[in-house]
Structure formats: structure tokens, C-alpha cells
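Breakdown of the fold
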Amino acid sequence: QVTLVESGGDLVQAGGSLRLSCAASGTIFGINDMAWHRQASGKQRELVAGITSGGRANYADSVKGRFTISRDSAKNTVYLQMNSLKPEDTAVYYCNADQIFGSAKYTYWGRGTQVTVSS
């Protein structure tokens, strides 16, 4: 079992920056891909950025050039640096991790952290 805990969400003005953190604990062996998703009020959850165990990252078009995902394997933590924030970035941000044991894959989610960007 893996527990993911997000932190760093806050209220910020448009143009500002925030850094989200997601710490993994528990049985962390085999954690592979990790990612940040977000869900705005009344909308579906969407992928924001993902990162493989090897450090390869991918981003949603809406955040390319503004957000950067990174991970510190020694600390079992993934980060999301968000710059040039816009009101449309307002959402609850969730961390997720995939864990591989042989042929089995398990997906875990954190409880989320609120990001609010004021205009």
C-alpha cells in the first residue's frame, strides 16, 4: 500500500508561482510513473504532467512552458513547479503513482491540494 500526500496549494494572484509537493510513503518499492492531475469545479479530472522513473516528462498543452514536473527518488517525492499562473489553473491538484509488481499494476491517488489563482 502506498500513501500519497500533496502539499503546497494556496491562493495566488495571476502571474504568480507555486510549488506543489507529493510525498510517497508505505510500500514504495516498484513505484514507476508518477503524475499530477487537476480537477476544476464542474469539470473532469485532467492530466497536467507526468514523469517516468527515468525522469522523462510529458505535459498537457495548456501548461507547457509554464509548469515543470520533477522527482526526487531519494525522498520519494514528486514536485510540480507552476509559474505564470492563470485563473484557469484554479483546481484541486492530485498526485498519482503507478506501482508495478510483476504483471500487476496498482494506481494510487492522493487527496489533493487546492490551487486558487485570482485575476
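For the structure itself, look to the data block above.
A short tour of the structure in this document, coming up. Computed from a prediction, not measured in an experiment: that's the story for all the values here.

What counts and what doesn't
Residues numbered from 1 in each chain as written. Predicted model: local features only at pLDDT ≥ 70, side-chain atom pairs only at ≥ 80, totals over all residues. Heavy atoms only, no water. Phe/Tyr/Trp six-rings, centres within 6.5 Å; stacked < 30°, edge-to-face > 60°. Helix = DSSP H or I, 4+ residues; strand = E, 2+ residues; numbered from the N terminus. Buried < 20%, exposed > 50% of the residue type's maximum accessible area, 1.4 Å probe, protein only. Lys NZ or Arg CZ within 6 Å of the ring centre and 35° of its normal. Pairing = 2+ DSSP bridges. Axes fitted to C-alpha atoms, helices over the stretch in contact; angles between N-to-C directions.

Attention shifts here to the packing of aromatic side chains. Tallied over the entire structure, the rule returns two aromatic pairs. Aromatic pair Phe-29 and Phe-101: ring centres 6.3 Å apart, planes at 25°, arrangement stacked. Placement of the pair is Phe-29 in the loop between β3 (18-26) and β4 (31-39) and Phe-101 in strand β9 (residues 91-101), with a sequence separation of 72 residues. Residue Phe-101 is classed as partly exposed on the basis of its relative accessible area, which comes to 34%. Plain terms: the ring middles of Phe-101 and Tyr-106 are 6.3 Å apart, the flat faces sit at 65° to each other, and that makes the pair edge-to-face. By relative accessible area, which is 40% here, Tyr-106 ends up partly exposed. Ring pairs connect the aromatic residues Phe-29, Phe-101 and Tyr-106, which therefore count as one cluster. One residue, Arg-19, lies across the ring of Tyr-79, its end atom 4.0 Å from the ring centre. Seen from the ring of Tyr-94, Arg-45 lies directly overhead, with NZ or CZ sitting 3.7 Å from the centre.

What follows covers the sheet that holds strand β7 (residues 67-72). Pairing in this open sheet of four strands is antiparallel, and the strands run β1-β3-β8-β7 from one edge to the other. Every other strand in the sheet has two partners, leaving β1 (2-7) and β7 as the edge strands with one partner each. Shown here is a sheet whose adjacent strand axes are inclined to one another by a mean of 15°, direction ignored. Summarising the sheet, β1 and β3 pair through six bridges and their orientation is antiparallel. The residue of β3 that forms the bridge with Leu-4 is Ala-24.

Nothing here speaks to function; it is geometry throughout.
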